[in-house]
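Residue-level structural notes
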Amino acid sequence: MTAEKAAASRRIAFLGTGLMGAPMARRLLKAGFPVTVWNRDPSKAEALVADGANLAATAADAARDADIVFTMLSDGNAVGKVLFGAGVTTVLKAGAIVVDSSSIAPPIARDHAARLAARNVAHVDAPVSGGVVGAEAGTLAIMAGGEAELITGLADVFAALGRVTHVGPAGAGQVCKLANQQIVAITIGAVAEAMILVEAGGADRGRFRDAIRGGFAESRILDLHGARMVNRTFAPGGPSRLQLKDLDAVAAMADLLDLELPLTAMVRSEFRDFVADGGGEQDHSALLLHLEKVNGSERKEDQ
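Residues numbered from 1 in each chain as written. Predicted model: local features only at pLDDT ≥ 70, side-chain atom pairs only at ≥ 80, totals over all residues. Heavy atoms only, no water.

**Some points on the overall build of the protein**
What counts here: Helix numbering and strand numbering both begin at the N terminus, where a helix is a DSSP run of H or I of at least 4 residues and a strand a DSSP run of E of at least 2. We compute the radius of gyration over the C-alpha atoms and compare it with the globule rule, which gives 2.2 Å times the number of residues raised to the power 0.38. For the exposure calls, accessible area comes from a 1.4 Å probe over protein chains only, and a residue counts as buried if that area is under 20% of its type's maximum, exposed if over 50%, partly exposed in between. Pairs of residues are marked as contacts when any of their non-hydrogen atoms sit within 4.5 Å. The Shrake-Rupley method, run with a 1.4 Å probe sphere, supplies the accessible areas, and residue values consider only the shown protein chains as cover.
The number of helices and strands found in the protein is 16 helices and nine strands. By the compact-globule yardstick of 19 Å for 303 residues, the protein fits well, its C-alpha radius of gyration being 20 Å. Out of the 303 residues in the protein, the part that is buried amounts to 48%. Restricting to contacts in the protein with at least 6 residues of sequence separation, those with at least 24 account for 64%. When the accessible surface of the protein is totalled, it reaches about 14,100 Å², and 55% of it is carbon and sulfur.

**A word on the packing of helix α11 (residues 172–200) against helix α15 (residues 262–279)**
Applied cut-off: Axes here mean lines fitted to C-alpha atoms, for a helix over just the part in contact, with angles spanning 0 to 180 degrees between N-to-C directions. Each angle gets one of four labels, with under 35 degrees taken as roughly parallel, over 145 as roughly antiparallel, 65 to 115 as roughly perpendicular, and the rest as oblique. Note on convention: the crossing is left-handed when the near helix lies turned anticlockwise from the far helix by less than a right angle, right-handed when the turn is clockwise.
Between α11 and α15, the shortest axis-to-axis distance is 9 Å and the interhelical angle comes to 65°. With respect to α15, the element α11 is oriented roughly perpendicular. For the crossing formed where α11 meets α15, the hand is left-handed. On α15, the residues touching Gln182, Ala185 and Ile186 of α11 are Leu263, Thr264, Val267 and Phe271.

**Notes on a nonpolar patch on the surface**
Which entries qualify depends on this criterion: Each patch is built from residues lacking any salt bridge and having more than 30% relative accessible area; the joining distance is 9 Å for like charges and 5 Å for nonpolar side chains (Val, Leu, Ile, Met, Phe, Trp, Tyr). Salt-bridge detection follows one rule: a side-chain nitrogen of Lys or Arg within 4 Å of a carboxyl oxygen of Asp or Glu.
On the surface, Leu256, Leu257 and Leu259 cluster together into a nonpolar patch covering about 310 Å² of accessible area. When you line up the elements, Leu259 lands in the loop between α14 (240–257) and α15.

**Notes on the pattern of salt bridges**
Under the defined criterion, the tally for this structure stands at 19 salt bridges. The closest approach of N and O atoms between Arg26 and Asp51, which form a salt bridge, is 2.9 Å. Here the residue Arg26 occupies a position in helix α2 (residues 21–30), and Asp51 occupies one in the loop between α3 (42–46) and β3 (54–55), the gap between them amounting to 25 residues. Residue classification places Asp51 among the partly exposed residues on the basis of a relative accessible area of 38%. Residues joined by salt bridges that share partners form a network here, namely Arg209, Asp210, Arg213, Glu218, Arg220 and Asp223.

As structure tokens, this is what we get:
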């Protein structure tokens, strides 16, 4: 069987076609998979029809007869409501696979896996990193928790989206995503503070970023979010409210495991204040604006 025929034989439902879900669904369509889409705001799903997607009126309609169901939703509560409250679980056929690419708390992911297993439905927690740029390019880093054989069997599906790594049993993907979000948040904070120091000291932020590229401080954060800070373009790729949601989940996990994570606690506090001050819908790189405000150095154009 050719790769194209193999793809066409596996029907996919994609639930949640927002900033990340829409480009991921497009990648699956481009790879030849038949994809049915649903989103709470129908207009976001309707936009995928031109790319070849089938449009479903409800989440359950999308999942009916699907071999694989992707969820890309805002949090664990939203995933639970869609899977177990909106009729999705009741229409899933035995042997179907739910791939949850949302970022949710690990205990919730394990609970979902157990509840689905009781219905003979498999579950993979497969959160992603790489943002909208990675979703569009098919270069996402995918952290998959679940049975190794199951994840291997999904290799052709994941290949359309990026690079998958099996990181452990159910819930392990979400643990790794939280650790990823720790690094992202702390690094955003570090880059933002450096930008403030550079400007206060009389140097040019853009030239500073250029100067340290390729050195030990190089990172995707410096590349993408550093550019956002220099250009002051903060339309969300990753909204700050979701960054805070992930940091709250890290804090809950740290409490459960009796861990002290002082850097994470500090940047979580800064994001909490920024979101409370109205910055929740701005990109997480906009933490710069909060730190500028703390230092009394807000730019006039941002006021």
